[in-house]
Amino acid sequence: MFKYFDVNEMSMQNKERKQGITAGISLVIMAIAAGFSYGYAHTTLVANSAENTMQNLLAQKSLFFAELGGWSIIFITDLIVAIALYFYFRSTSKQIAGITALIRISYTLVLGVAILQLFKIIPALASNSSLLASVVASEINSHFQLFEKLWSTGLILFGFHLIGLGYLSLKSKLTHRLLGYLLIFGGMSYSFIHGTRQLNLLDTNLINLLENVLAIPMALAEILLAFWLIYSGFRKSSPKLKS
């Protein structure tokens, strides 16, 4: 004989799926914005000298403002992901899910301070004085450098966030265990690379080499999680009946 399924349990599962979809879609949007803002715009504008960077900015102001828009989207979606993943993994471990969410929110706040450095460049771009060109170029370059330093520092926290997600993924019945191991590896890579970079523990060339080698698994960690959350959220699942 069959009994009715637990309505409260099904309601909770539906809420978790919705939060998973929200987090997954936000992660995809974030990845696209990051690919444009940092992968294309930032690397196109920032040159090997302050003068060349300033020339690039003056010649491509619209690209710089588009980069700022992309970073703003990243900041907002980061906060959405932190909250959505907390509710998604809350049933697995409320305490660990809460700590993991707080770590991501802390990272996002550091990122926000870093993004403000880019916004501080706007007044400098409005300067028309050719006599102060070298001073303005140096100021702009210092803002870019501080942005990258602050962001790199924040990514140490981001690594711990991924480790927390990996632990939750291993303990949860909602995600594949392979995702858990990949998230932990990606998180350890982020924290190690950016920790050694900020503390000057290794040669810069060696750190850059390690970052290039680990770039794919680091990026795949969250991307695969995003697609899994979207797939599992939209996948039709019929309520299980208890016998």
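Going by the structure above, here's the rest.
Keep in mind the model is a prediction, meaning the values are calculated, not measured. (Residues numbered from 1 in each chain as written. Predicted model: local features only at pLDDT ≥ 70, side-chain atom pairs only at ≥ 80, totals over all residues. Heavy atoms only, no water.)

Enquirer: Outline a nonpolar patch on the surface, supporting the account with residue identities and numerical values.
Expert: Taken together, Phe192, Leu199, Leu201, Leu202, Leu206, Leu209 and Val213 make up a surface patch of nonpolar side chains, about 680 Å² in accessible area. Contributions of two or more residues to the nonpolar patch are made by helix 7 (177–199) and helix 8 (204–234). Examining the composition of the nonpolar patch, we find that 3 residues originate from one element, helix 8, more than from any other. Tracing the backbone shows Val213 in helix 8. (Patch = residues over 30% accessible without salt bridge, like charges linked within 9 Å, V, L, I, M, F, W, Y side chains within 5 Å. Areas by Shrake-Rupley, 256 points an atom, 1.4 Å probe, with all protein chains shown as cover. Salt bridge = Lys/Arg side-chain N within 4 Å of Asp/Glu carboxyl O. Helix = DSSP H or I, 4+ residues; strand = E, 2+ residues; numbered from the N terminus.)

Enquirer: Residue-level account of the pattern of salt bridges, with values.
Expert: Opposite charge on two side chains lets them pair, provided their charged atoms get close. Tallying each qualifying case throughout the model produces 3 salt bridges. Measuring nitrogen to oxygen at the nearest pair gives 2.7 Å for the salt bridge that ties Arg104 to Asp78. Of this pair, Arg104 sits in helix 4 (residues 94–119) while Asp78 sits in helix 3 (residues 61–89), and the two are 26 residues apart along the sequence. The partner of Arg197 in a salt bridge is Glu211, with the nearest N and O atoms 2.9 Å apart. Of this pair, Arg197 sits in helix 7 while Glu211 sits in helix 8; the two residues are 14 residues apart in sequence, bridging distant segments of the chain.

Enquirer: Report on the nonpolar core, specifying residues and quantitative values.
Expert: Membership of the largest hydrophobic core comes to 53 residues, with the highest contact counts inside it found for Leu57, Phe64, Trp71, Ile121, Ile140 and Trp151. At the level of secondary structure, the elements contributing two or more residues to this core comprise helix 1 (7–45), helix 2 (50–59), helix 3, helix 4, helix 5 (121–125), helix 6 (133–171), helix 7 and helix 8. (Core = buried A, V, L, I, M, F, W, Y, C linked by side-chain atoms within 4.5 Å. Buried < 20%, exposed > 50% of the residue type's maximum accessible area, 1.4 Å probe, protein only.)

Spatial relationships are all this shows, so hold off on functional conclusions.
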